[in-house]
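# Observations on the three-dimensional arrangement
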Amino acid sequence: MRLNQASDFALRILMATGQSDDPQTVGKLTEQLGLAQSHVMKIVAHLARGGYLETTRGRGGGIRLAKSPEAIRLGDVVRLMEPDLGVVACLKPEPAVCAFLPRCALKGAMARASEAFLDSLNTETLASILAGTQMAALPEM
């Protein structure tokens with residue numbers, strides 16, 4: 001199974017945000033994670049809509065976790081970022097052309113495998129990941 005880049009970036013943004021009690025900014029996250037600012041902005045907005053981040057504009061504002069790290073399950077974040085998880089064409093939202101549809105056992109097997117993958121990710125929380133992770137310090141300028 002292969003996750004899209006947005007899922008990877010979303011998990012890294014949550015990790016970076018969860019490592020600090022101070023509010024983060026898009027600029028700070030962009031620099032810390034080495035990502036494009038446009039990607040960070042889009043993913044932060046998506047995570048905020050999904051209830052994982054809260055964003056506050058203005059002085060004293062910034063980006064914070066909207067939930068405790070213990071309440072953020074990795075599989076749920078991936079589900080938010082990858083709503084179709086179509087590992088085969090017949091699991092994708094758009095119509096698929098296949099000689100074996102509608103009576104194909106492969107579709108069910110792949111759907112169960114995708115669910116098992118997400119269920120496995122849901123055994124981990126942001127807190128459990130943060131416990132074994134530390135962001136490398138940026139070099140002093």
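What counts as what
- In this convention, every chain numbers its residues from 1, walking through the sequence in written order.
- Whole-chain, interface and lining totals are the exception, using all residues; otherwise, since this is a predicted model, local features are given only for residues with pLDDT of at least 70 and side-chain atom pairs are given and counted only at 80 or more.
- Heavy atoms throughout the structure, all of them, feed into the side-chain values; hydrogens and water do not.
- Strands are runs of DSSP state E lasting at least 2 residues, helices are runs of H or I lasting at least 4, and numbering of each runs from the N terminus.
- We call a residue buried when its accessible area falls under 20% of the maximum for its residue type, exposed when it is over 50%, and partly exposed in between, using a 1.4 Å probe and counting protein chains only.
- For the accessible areas, the method is Shrake-Rupley and the probe is 1.4 Å, while residue cover comes only from the protein chains on display.
- In this scheme, strands are said to pair when DSSP sees at least two bridges between them.
- Put simply, two rings from Phe, Tyr or Trp (the six-membered ring, in Trp's case) pair if the centres are within 6.5 Å, and we call them stacked under 30 degrees between planes, edge-to-face over 60, tilted for the rest.
- By definition here, charges over rings are those cases where NZ of Lys or CZ of Arg is within 6 Å of the ring centre and within 35 degrees of the ring normal.
- Grouping buried Ala, Val, Leu, Ile, Met, Phe, Trp, Tyr and Cys residues that are joined through side-chain atoms within 4.5 Å yields what is termed a nonpolar core.
- Any two residues having at least one pair of non-hydrogen atoms within 4.5 Å are treated as being in contact.
- Comment: axis = line fitted to C-alpha atoms, over the contacting stretch for helices; angle = value between 0 and 180 degrees taken between N-to-C directions.
- The cut-offs work like this: below 35 degrees is roughly parallel, past 145 is roughly antiparallel, 65 to 115 is roughly perpendicular, and the gaps in between are oblique.
- Three residue categories are used. Nonpolar comprises Ala, Val, Leu, Ile, Met, Phe, Trp, Tyr, Cys and Pro, charged comprises Asp, Glu, Lys and Arg, and polar comprises the others, including Gly.

## Structural notes on the overall build of the protein chain
- Each helix and strand counted, the protein chain has six helices and two strands in total.
- When burial is assessed residue by residue, the protein chain has 30% of its 141 residues classed as buried.
- Total accessible area on the protein chain stands at roughly 8900 Å², and carbon and sulfur atoms take up 55% of it.

## Some words on the pairing of strand β2 (residues 62-65)
- By the bridge criterion, four bridges tie strand β1 (residues 53-56) to β2 in an arrangement that is antiparallel. For Thr-55, the partnering residue across the bridge sits in β2 and is Ile-63.
- From the end of β1 to the start of β2, which pair antiparallel, there are five residues, and Gly-58 there has a positive phi angle of about 90 degrees.

## Some thoughts on the packing of aromatic side chains
- Evaluated as defined, the whole model comprises zero aromatic pairs.
- A cation sits over an aromatic face here: Lys-67 above Tyr-52, 4.5 Å from the ring centre.

## Some thoughts on the nonpolar core
- In terms of nonpolar packing, the biggest core is built from 22 residues, with Ile-13, Leu-14, Leu-47, Leu-53 and Val-77 touching the most fellow members.
- Listing elements by their share of this core, those giving two or more residues are α1 (5-18), α2 (26-33), α3 (37-49), β2, α4 (74-81) and α6 (126-131).
- Per-element tally for this core: the top contributor is α1, with five residues.
- When sequence neighbours within four positions are dropped, the list of residues in contact with Leu-47 reads Ala-10, Ile-13, Leu-14, Tyr-52, Leu-53, Val-77, Leu-80 and Met-81.

## Quick look at the environment of Arg-12
- Along the polypeptide, Arg-12 turns up in helix α1.
- Residue Arg-12 is classed as partly exposed on the basis of its relative accessible area, which comes to 28%.
- Along the chain, Arg-12 and Leu-33 lie 21 residues apart, while their C-alpha atoms are 7.5 Å from each other.
- Residues contacting Arg-12, with those up to four places away along its chain left out, are Leu-33 and Leu-35.

## Overview of the packing of α4 against helix α5 (residues 105-121)
- Between α4 and α5, the shortest axis-to-axis distance is 6 Å and the interhelical angle comes to 130 degrees. The orientation of α4 with respect to α5, classified from their angle, is oblique. Together, Leu-74, Gly-75, Val-78 and Arg-79 of α4 and Glu-115, Leu-118, Asp-119 and Leu-121 of α5 make up the contact between the two elements.
- Per-class residue counts for the contact of α4 with α5 are four nonpolar, one polar and three charged.

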